[in-house]
Amino acid sequence: MNETYESLTKPGSTIAVGILHSLSGTMAISEASLMDAELMAIAEINQAGGVLGRIIEPTIEDGASNPGIFALKAKKLLEKDRVATIFGGWTSACRKAVLPVLEEFNALMWYSVEYEGLECSRHIFYTGICPNQQVGPVVEWLLKHKGKRFYLIGSNYVFPRTANKLIKAQLKGQGGSLVGEEYVELGTTEFGKVIETIKNNQPDVVFNTLNGDSNLAFYQQYKEAGISPEEIPIVAVSVSEEEVRRIGGNTAAGHYASWSYFQSIDTPQNFTFVRNFQHRYGKDRVTSDSIESAYVQVYLWKQAVEKAGSFDVELVREAAYGQTFHAPGGKITIEKNNHVRKYCRIGKILPNGQFEIVFTSVGAIKPQPWLGIEELEGKISPIVFDMLAEVSQSIQYSCQAEQKSREIEAANDRLQKTQDQLLEAQARFKELEAREKLLQRRLSSQIRSSLELDRILSTAVNEIRSLLQIDRCQFFWYHPDEEGSSFELMEEAREPLDLSELEKPSSLDKLEGLKELLEKQCILRMDRIGTEVQIDVSSCLGDRIPLNYQNLALRESANRLIVSGLKALLIVPVHTRAHKMGVVVCEHFRDGRSWSDREVELIASVVDQLSSGIDQAQLYAQSLTTAAIATAQAEQLKQALHDLQSYQAQLVQTEKMSTLGTLVAGLAHEINNPTSFIYGNLHYAKEYTQNLLDLVNLYQKYYPQPMPEIQAYAQTIEMEFLIKDLPKTLTSMEIGAERIRHLVGSLRNFSRTDRGEMHPINLHEGIESTLLILRNRFKGNGQRSSIELIEDYGELPQVDCYPSQINQVFLNLINNAIDALEEFGVGNSWHLVTGQTIANPTIWIRTERLDNDRVVVRIADNGPGMTEEVKSKLFDPFFTTKPIGKGTGLGLSISYQIVVEKHGGILQCSSKPGEGTEFAIELPTLQYSKVQTNNSTSIPSPSFHHA
């Protein structure tokens, strides 16, 4: 007798049984209730005295919806916990994973779920239903009552695939047809494509073998797609009351399921079973076929043990055959093939989550896991059963192979991503290494080529800021004093952005305990200031130095730095041979960052070179001082003469510039006089000329035969042509004078001298002035056709603004639109990439009044448009999509500051690739605070060259 079961037969007060279900993962939605039913049966049996006088003690394990874990947990229950039997499982994959363990330990498991058949192990009692008790009858009923066109949807494991093979065979034999078949992984929650296929194929029935929480998503999305159960019903063999409770009765109402048991069965046994279950677990809980089977199988095991008078597996197995039990679903019997004779019922889901039973089989159906071939036992070779058993096994292997294939594919993708990231990291490392070497070479070269201290310091701080990509780098001389040390700023390199933090004094003023660290030549770095302060002190050799109690003042200083907005700080001392001490300070404000050890080592190396350069510069300065003293008198005389000559030249130059300025101002003022004179007299010239021409016509009318001399002269001057052309010439002169007048007016309007003041203006005048200046750019060239301009002006009130600044915004945006359209030109970037050009490049300018106090100006083009990535960086300083040398990336950034910060407006961009771009400038008509120029950052003056 097995050693394990010898221990089970020893006298004692308890007997251990195993409960093995998925209490986590995708199958927990279904299996947790089976455990509840088994525990209820165990509690009832224990209350009645137990089994053979011993109390049942359940040991619960979680299979976690994973076949491998099921096998490990089963082995633990049998080997370590020494249970008498196991109740558990749901999916066929998990059952098949446990079977080898049962065979190894000669153990029994009770399995309460419907399955695909083609299996009959002596180590498992299948208390659920097999295909001929569930799938076969419901397919036959559907063919008779719903239609012959079936669509199959199932989870990708053994039961659905095997059941669907049986369904397809039955359809073929009974005149049905298959219009679609789809399998999804357990846990899938996206069924959009599947449902779309169902709508397109229009089957009579959707046969559902999904398992787990996939059913929740499928039924919900099916209803949301607008498919009613009257139109295309779903018939399930894995959706019971428990699943409907979670799905929702209103969502699943009208669809069908096939089981042996429904909670709505009206028998005394079922009434008692449901009442006890809800009393124990809650009135909202429901019972189902698998729950009933899980409950009943515990009683079947108890009866078999009591009949055998022992817990021995062999005796219990033999005693189990022929056992009957009046279950809530009707009388059941254990057959010799380890399966149970049961009824088949079909139920229609009601809104309350229960089932209306629409079909019940005539009597309990004998289980035929081998598709009825077992009825011919003795006439068929045993190899046929082995081959049929291999069907489900091969399906399982196929599912496992597909799963492994997907896992390998996912692993390959992860490996490829890791390799790409590694290559990226290597490239970044090489780039950083190259930049470090370049910095060292440039710094060394600068020190060798120049002995000027200011130039050496300027080069050092600029190169350090550029390499580390920080906001500010400074060099200070440190002046220790007994009364108090001080720092003298010598050179500074900073990010060319309008950051208010950069205007603040250096962090050195806020640090306590810094003097001791500098004198010990320690490097101080603070990382991620603003979220989590990390202070690190190291020697110039890179060795870490722990903070002692004196250095703890640094932590208090760090809190003050947080208030100032600093995110990262690095301080490196510089010691010279002349015993002077300098400090390199690296600061970053915009976002958090950490200093790497390599960066600190690099700065320490740069500081060593800087120290040598300072020493050389100071020696050079001393030598210059000595030479200067020796030639002081000569230099003073020479300097005096030079100063005198320079002063004379300056006076002459000043006088010249003053005269030139007066002349230019006079020309600018007087240019309107001749233009106005010409323009004003052209009208009278046209009138007088027309009068003379009319007089000539009268002479010709009444004196058609003039004197020969007059005829000859008329021919010489081509009188007829002159009469026709002279008015045209005068009209052309008038047009030219008008254009000169408008051009002068536009230039005066565009470059207003009152740009320091805010006052009401007509925006349309500024737009027209800008368009006049840019008129030449609208003309066609060899690469593109002329740009069509469409102006749609609404009625706008006067708008308070800085005229010159708003005109600059118009200039930038219209220039950008023209540049974008030029990308469509032959040979330009868009044409080279896509091979396309645009036949009719167009710019639209629209204005409208939004409400009483806001107006909007829209400037749009039908150019190539922008991606979301480009749009997200559009207003960042120095960001540009134009070739090097054509744009600085400041135009839109400055425009944004003008509109948003200066005028309290909104500047927005709407664009999609291939669909053009539109900028919307929204401005308030009234400014409540007009005096802003004195305390605000100045905006660059308008330029005719696009920035």
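Everything numeric in this text was worked out from a predicted model, so none of it was measured.

About the criteria used
- Residues numbered from 1 in each chain as written.
- Predicted model: local features only at pLDDT ≥ 70, side-chain atom pairs only at ≥ 80, totals over all residues.
- Heavy atoms only, no water.
- Helix = DSSP H or I, 4+ residues; strand = E, 2+ residues; numbered from the N terminus.
- Buried < 20%, exposed > 50% of the residue type's maximum accessible area, 1.4 Å probe, protein only.
- Contact = heavy atoms within 4.5 Å.
- Areas by Shrake-Rupley, 256 points an atom, 1.4 Å probe, with all protein chains shown as cover.
- Pairing = 2+ DSSP bridges.
- Axes fitted to C-alpha atoms, helices over the stretch in contact; angles between N-to-C directions.
- Salt bridge = Lys/Arg side-chain N within 4 Å of Asp/Glu carboxyl O.
- Phe/Tyr/Trp six-rings, centres within 6.5 Å; stacked < 30°, edge-to-face > 60°.
- Lys NZ or Arg CZ within 6 Å of the ring centre and 35° of its normal.
- Core = buried A, V, L, I, M, F, W, Y, C linked by side-chain atoms within 4.5 Å.
- Expected span 1.5 Å × (residues − 1).
- Polar contact = N/O pair within 3.5 Å; in protein donor to acceptor, adjacent residues only side chain to side chain.
- Patch = residues over 30% accessible without salt bridge, like charges linked within 9 Å, V, L, I, M, F, W, Y side chains within 5 Å.
- Parallel < 35°, antiparallel > 145°, perpendicular 65-115°, else oblique.
- Left-handed = near helix turned anticlockwise from the far one by under 90°.
- Nonpolar A, V, L, I, M, F, W, Y, C, P; charged D, E, K, R; others polar.

What to know about the overall build of the protein
Along the backbone of the protein there are 27 helices and 29 strands. Across the 947 residues that make up the protein, the buried fraction comes to 45%. In the protein, of all internal contacts separated by at least 6 residues, the share reaching a separation of at least 24 is 69%. Surface summary for the protein: the accessible area is close to 47,800 Å², and the carbon and sulfur share equals 53%.

Topic: the sheet that holds strand 29 (residues 917-924)
Spatial strand order, 24-26-27-29-28: five strands in an open sheet with mixed pairing. Two strands lie at the open edges of the sheet, namely strand 24 (788-792) and strand 28 (906-911), each paired on one side alone. Between one strand and the next, the sheet's axes are offset by a mean angle of 15°, whatever the strand orientation. As judged from the six bridges shared by strand 28 and strand 29, these two strands associate in the antiparallel manner. Residue pairing for strand 29: Gln908 is matched across the bridge by Ala920. Helix 23 (residues 763-773) rests against strand 24, strand 26 (842-851), strand 27 (854-861) and strand 29 of the sheet, and its axis sits at about 170° to strand 26. Those strands touched by helix 27 (residues 891-902) are strand 28 and strand 29, and its axis lies near 135° from that of strand 28.

Describing the environment of Thr333
Mapped onto the elements, Thr333 comes out in strand 12 (residues 330-334). Spatially, the C-alpha atom of Thr333 lies 9.5 Å from that of Ala320, the residues being 13 residues apart in sequence.

Quick word on the pattern of salt bridges
Using the criterion set out here, one finds 22 salt bridges in the structure. Salt-bridge contacts for Lys76 lead to Glu61; the nearest nitrogen and oxygen are separated by 2.7 Å. You can see Lys76 sitting in helix 3 (residues 67-79) and its partner Glu61 sitting in strand 2 (residues 55-62), a full 15 residues away along the chain. In this structure Glu61 comes out as buried when scored by relative accessible area, which is 9%. A salt bridge links Glu848 to Arg858, with the shortest nitrogen-to-oxygen separation between them at 3.2 Å. Here Glu848 is found in strand 26, whereas its partner Arg858 is found in strand 27, with ten residues between them in sequence. Judged by relative accessible area, which is 34%, Glu848 ranks as partly exposed. The class for Arg858 is partly exposed, based on a relative accessible area of 23%.

Thoughts on the packing of aromatic side chains
Aromatic rings in a pair are described by how distant their centres are and how their planes are angled relative to each other. One pass over the structure, following the stated rule, counts 22 aromatic pairs. Centre to centre, the rings of Phe277 and Tyr281 are 5.0 Å apart; their planes meet at 55°, and the pair counts as tilted. With Phe277 and Tyr281 both in helix 11 (residues 268-281), this residue pair falls four residues apart, about one helical turn. Overall, Phe277 belongs to the buried group, its relative accessible area being 0%. Judged by its relative accessible area of 23%, Tyr281 is partly exposed. Through a chain of ring-to-ring contacts, the aromatic side chains of Tyr261, Phe273, Phe277, Tyr281, Tyr295, Tyr299 and Phe325 assemble into a single cluster. The cationic tip of Lys580 hangs over the ring face of Trp477; the distance from NZ or CZ to the ring centre is 4.0 Å.

Section: unusual backbone geometry
Even without a glycine there, the phi angle at Arg82 is positive, about 50°. Residue placement: Arg82 occurs in the loop between helix 3 and strand 3 (86-88). Unusually for a residue other than glycine, Asn338 sits at a positive phi of about 70°. For Asn338, the location among the structural elements is in the loop between strand 12 and strand 13 (340-341). Classification of Asn338 as buried rests on a relative accessible area of 2%.

Describing the pairing of strand 8 (residues 205-209)
With five of five residues buried, strand 8 is to be regarded as a mostly interior element. Across the two faces of strand 8 the burial is the same, with Val205, Phe207 and Thr209 and Val206 and Asn208 all buried. Strand direction decides the pairing type here: strand 6 (residues 149-155) and strand 8, joined by five bridges, are parallel. From the neighbouring strand, Gly154 faces strand 8, where its bridge partner is Thr209.

Focus on the sheet that holds strand 4 (residues 109-111)
Spatially, the five strands line up as an open sheet ordered 2-1-3-4-5, and their pairing is parallel. Whereas interior strands pair on both sides, the edge strands pair on one side only; in this sheet they are strand 2 and strand 5 (124-126). Going from strand to strand, the sheet's axes swing by 25° on average, the running direction of each strand aside. Bridge count between strand 1 (residues 14-21) and strand 2: eight bridges; the pairing is parallel.

As for helix 8 (residues 214-224)
Buried within helix 8 we find Ser214, Asn215, Ala217, Phe218, Tyr219, Gln221 and Tyr222. Here the buried face of helix 8 lies against strand 6, helix 7 (192-201), strand 8, strand 9 (234-236), helix 9 (241-247) and helix 10 (249-252). Among the residues trailing helix 8, Gly226 stands out with phi positive, at a value near 85°.

What to know about the nonpolar core
Core analysis: the biggest nonpolar cluster contains 96 residues, and Ile86, Ile198, Val206, Phe218, Tyr222 and Trp301 have the highest contact counts within it. Trp301 has contacts with Val17, Val51, Ile56, Ala84, Thr85, Phe87, Trp110, Phe311 and Val316, leaving out every residue within four places of it along the chain.

A short note on helix 6 (residues 158-174)
End to end, helix 6 covers 24 Å across 17 residues, agreeing with the expected 24 Å (1.5 Å per residue, within 8%). Within the span of helix 6, buried status applies to Val158, Phe159, Pro160, Thr162, Ala163, Asn164, Ile167, Gln170 and Leu171.

Considering the environment of Glu38
Positionally, Glu38 belongs in helix 2 (residues 28-47). When the C-alpha atoms of Glu38 and Tyr295 are compared, they prove to be 5.0 Å apart, with 257 residues separating the residues in sequence. One polar contact links Glu38 to His21, side chain to side chain, over a distance of 3.0 Å.

Examining a nonpolar patch on the surface
A grouping of Leu692, Leu695, Leu698, Tyr699, Tyr702 and Tyr703 is seen on the molecular surface, where their side chains present a nonpolar patch of about 700 Å² in accessible area. Looking at the secondary structure, you find Leu695 in helix 20 (residues 672-702). Given the relative accessible area of 41%, Leu695 is considered partly exposed.

Here's the deal with the packing of helix 24 (residues 803-822) against helix 27
One can describe the packing of helix 24 onto helix 27 by two numbers: an axis separation of 9 Å at closest approach and a directional angle of 140°. When the interaxial angle is binned, helix 24 and helix 27 end up oblique. With respect to the hand of their crossing, helix 24 and helix 27 are arranged in left-handed fashion. Contacts from Gln805, Ile806, Gln808, Val809, Asn812, Leu813 and Asn816 in helix 24 reach Gly891, Leu892, Ile894, Ser895, Ile898, Val899 and Lys902 in helix 27. Residues that form the contact of helix 24 with helix 27 fall into these classes: seven nonpolar, six polar and one charged.

What about the pairing of strand 10 (residues 256-259)?
Side chains Tyr256 and Ser258 project from strand 10 onto one buried face, and the interleaved Ala257 and Trp259 project onto a second face that is buried too. Bridge count between strand 9 and strand 10: two bridges; the pairing is parallel. Paired with Ala236 across the bridge in strand 10 is Ala257. As defined by bridge partners, strand 10 adjoins strand 14 (residues 345-349) across four bridges and the pair is classed as antiparallel.

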